[in-house]
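The chain contents come next:
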Amino acid sequence: VAVTTRLLVSHLSGIRHYEKDITKVKEEKEKANRAFKLTKPSQDKEQKEKEGKGIEKTDSVKLRKEHEGEVKSRNSKPGRKDKEFEQEEYYLKEKFESVIESLKIFKNDPLFFKPGSQFLYSTYGFTLLSAVVERVSGQKFTDYMLKMFRDLDMLSTVVDDNEAMIYNRARCYVYNKKGRLVNAPYVDNSYKWAGGGFLSSVGDLLKFGNALLYSYQAGQFKNTNGKLLPGYLKPDTVAMMWTPVPKTEVSWDRDGKYAMAWAVVEKNQQYGCCRQQRHYASHTGGAVGASSVLLILPEELDSEAVDTGQVAPPRGVIVSVICNMQSVSLNSTALKIAREFDKEKWAQ
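Rules of the game
- Residues numbered from 1 in each chain as written.
- Predicted model: local features only at pLDDT ≥ 70, side-chain atom pairs only at ≥ 80, totals over all residues.
- Heavy atoms only, no water.
- Helix = DSSP H or I, 4+ residues; strand = E, 2+ residues; numbered from the N terminus.
- Buried < 20%, exposed > 50% of the residue type's maximum accessible area, 1.4 Å probe, protein only.
- Contact = heavy atoms within 4.5 Å.
- Areas by Shrake-Rupley, 256 points an atom, 1.4 Å probe, with all protein chains shown as cover.
- pLDDT = per-residue confidence, 0-100.
- Core = buried A, V, L, I, M, F, W, Y, C linked by side-chain atoms within 4.5 Å.
- Domains from an automatic or database assignment.
- Patch = residues over 30% accessible without salt bridge, like charges linked within 9 Å, V, L, I, M, F, W, Y side chains within 5 Å.
- Salt bridge = Lys/Arg side-chain N within 4 Å of Asp/Glu carboxyl O.
- Pairing = 2+ DSSP bridges.
- Polar contact = N/O pair within 3.5 Å; in protein donor to acceptor, adjacent residues only side chain to side chain.
- Arc of directions from axis to C-beta.
- Phe/Tyr/Trp six-rings, centres within 6.5 Å; stacked < 30°, edge-to-face > 60°.

**Student:** I'd like a rundown of the overall build of the protein, residues and numbers included.
**Tutor:** Helices and strands together make up the secondary structure of the protein, namely twelve helices and nine strands. Burial statistics for the protein: of 348 residues in total, 38% are counted as buried. Partitioning the contacts of the protein with sequence separation of at least 6, the portion at a separation of at least 24 is 68%. On the protein, roughly 20,000 Å² of surface is accessible, and the fraction owed to carbon and sulfur atoms is 52%.

Structure follows, in structure tokens:
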């Protein structure tokens, strides 16, 4: 079989995640699908009621069941352990000198399925991607990324090196079995720099989001008399990154599909005065003792304003949340925040 970088970046490669047992992975997927099917009838009933009564419900009701996993998380008791974090490989303490060396963790393991046939989120797929970057660039992956972060003015984004003195590094927390907060255990993330090995700040993630949004929209602004600088990426590149890929899925928003390293929800509205699905891109992050999300809600640009040059990119809402606690679901919260700011802007 052939594993391409496109398959890796969309988690269609067949490379395993932290769970080594394919049977357990299939069981978890089946459980998730069954749970989704059970919630679907109630969602359909709610939709029909809205159509029949012609009443538009509040945003809080519309979003209530938007993300099944987050609903469960909000209703669960504090300290309930996320099953994923029971995997031993989350807690590796071995230091790897290069991403090539860290491939030994999974390189001899069988693929879970034929590449391109199924979706399976895989941190190790991104470890392999980082090895590709290292070989093609001729630089250490971490050096290559730090130069890019500097270009993006993300000066607070650094490698999560345990030995280094890092200004304002936060202490991370987890719940123990008794539901009490305790310090997160020591781990070494050198085996997965690309999939969860950098420290950042809310401000830096906002800069990253704005750089992408600017690049995405820059091609739409023609009449700027040469005053508009090009984006960090070409508009077509970002559009490609934010184009949903078939056969993918997103655990934190059932309306979405996975694209290229981003989860994407496309614009959609089936009925008048009913639930409107806005186009947005997001990604959550989960690590030992930490949770995060970065969400980008592009503004639906008015063609007249764009043509006359009355506005300039980036136009939209960027939401970044970083929490120094494990297993906190944040995407639904970020989406609510983005919609509130978007609604306030249009009200003005």
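Moving on from the model shown.
**Student:** Break down the confidence of the model for the protein for me, with residues and values.
**Tutor:** Averaged over all residues, the pLDDT of the protein equals 86, while 85% of them reach at least 70. Note on residues 50-80: pLDDT is under 50 here. Beyond four places in sequence and across chains, it has 51 contacts.

**Student:** Talk me through the nonpolar core; I want residue IDs and the actual numbers.
**Tutor:** Y124, L212, W242, W262 and I296 are the most contacted members of the largest nonpolar core, which totals 42 residues. Of all the secondary-structure elements, those providing two or more residues to this core are α1 (5-9), α6 (123-137), α7 (141-151), α9 (202-218), α10 (235-241) and β8 (290-298). Summarising the domain contributions, this core has at least three residues from each of domain 1 (1-35 + 82-162 + 188-199) and domain 2 (200-347). Discounting chain neighbours no more than four positions away, the residues touching W262 are F208, L212, M241, W242, K257, A281, S282, H283, L294 and I296. Among the nonpolar cores identified, the runner-up in size contains twelve residues, and V317, C323, A334 and L335 belong to it.

**Student:** So what's going on with a nonpolar patch on the surface? Residues and values would help.
**Tutor:** Together, V1, V3 and L111 line one region of the surface with nonpolar side chains, adding up to about 270 Å² of accessible area. Inspection of the secondary structure puts V1 in the segment before α1.

**Student:** Just give me the short version of the sheet that holds strand β5 (residues 257-258), but keep the residues and values in it.
**Tutor:** On the basis of which strands lie adjacent, the open sheet formed by five strands has the order β5-β6-β7-β8-β9 and antiparallel pairing. Because the sheet does not close on itself, it has two edges, and the strands there are β5 and β9 (316-323). Where β5 lies against strand β6 (residues 263-265), two bridges are found, and the strand directions are antiparallel. Residue pairing across strands places Y258 opposite A263, the latter belonging to β6.

**Student:** So what's going on with the environment of E94? Residues and values would help.
**Tutor:** Relative to the elements of secondary structure, E94 occurs in the loop between α4 (68-75) and α5 (99-102). Taking the relative accessible area as the measure of exposure, E94 reaches 39% and is therefore partly exposed. Side-chain polar atoms of E94 contact the side chain of K104, separated by 3.3 Å.

**Student:** Lay out α7 in plain terms, naming residues and giving numbers.
**Tutor:** Of all the residues in α7, the buried ones are F141, T142, M145 and F149. For α7, the buried positions fall inside an angular range of 90° around the axis, keeping them on one side. Along α7, the residues that are exposed and aim more than 90 degrees away from the buried face are K147 and R150. The elements touched by buried residues of α7 are α5, α6, β1 (158-159), α8 (193-196) and β4 (198-199). Following α7 by one or two positions, D153 adopts a phi angle in the positive range, close to 65°.

**Student:** Break down the environment of F96 for me, with residues and values.
**Tutor:** Counting through the fold element by element, F96 comes out in the loop between α4 and α5. Since its relative accessible area comes to 4%, F96 is described here as buried. Distance in space between the C-alpha atoms of F96 and N189 is 8.8 Å, their sequence separation being 93 residues. Those residues in contact with F96, other than ones at most four positions away along the chain, are E101, S102, K104, I105, S190 and Y191.

**Student:** Go over the pattern of salt bridges with me, naming the residues and quoting the values.
**Tutor:** With the rule as written, the count across this model stands at 15 salt bridges. The shortest N-O distance in the salt bridge between D109 and R16 comes to 2.6 Å. Placement of D109 in the loop between α5 and α6 and of R16 in the loop between α1 and α2 (22-53) is noted, with a sequence separation of 93 residues between them. Residue D109 is classed as partly exposed on the basis of its relative accessible area of 31%.

**Student:** Tell me about the packing of aromatic side chains, and name the residues and values.
**Tutor:** To describe a pair of aromatic rings, one takes the distance between the centres and the angle between the planes. With the rule as written, the count across this model stands at twelve aromatic pairs. Summarising the aromatic geometry, the rings of F119 and Y258 are spaced 5.6 Å apart at their centres and angled 45° between planes, so their arrangement reads as tilted. Residue F119 is located in the loop between α5 and α6, and its partner Y258 is located in strand β5; the two are separated by 139 residues in the primary sequence. The same class applies to F119 as to Y258, namely buried. Considering the side-chain rings of Y121 and Y258, the 6.3 Å spacing of their centres and the 80° angle between planes classify their relative orientation as edge-to-face. Placement of Y121 in the loop between α5 and α6 and of Y258 in strand β5 is noted, with a sequence separation of 137 residues between them. Classification of Y121 by relative accessible area gives partly exposed; the value is 30%. Members of the aromatic cluster, connected to one another through ring pairs, are Y18, F85, Y90, Y91, F106, Y124 and Y191.

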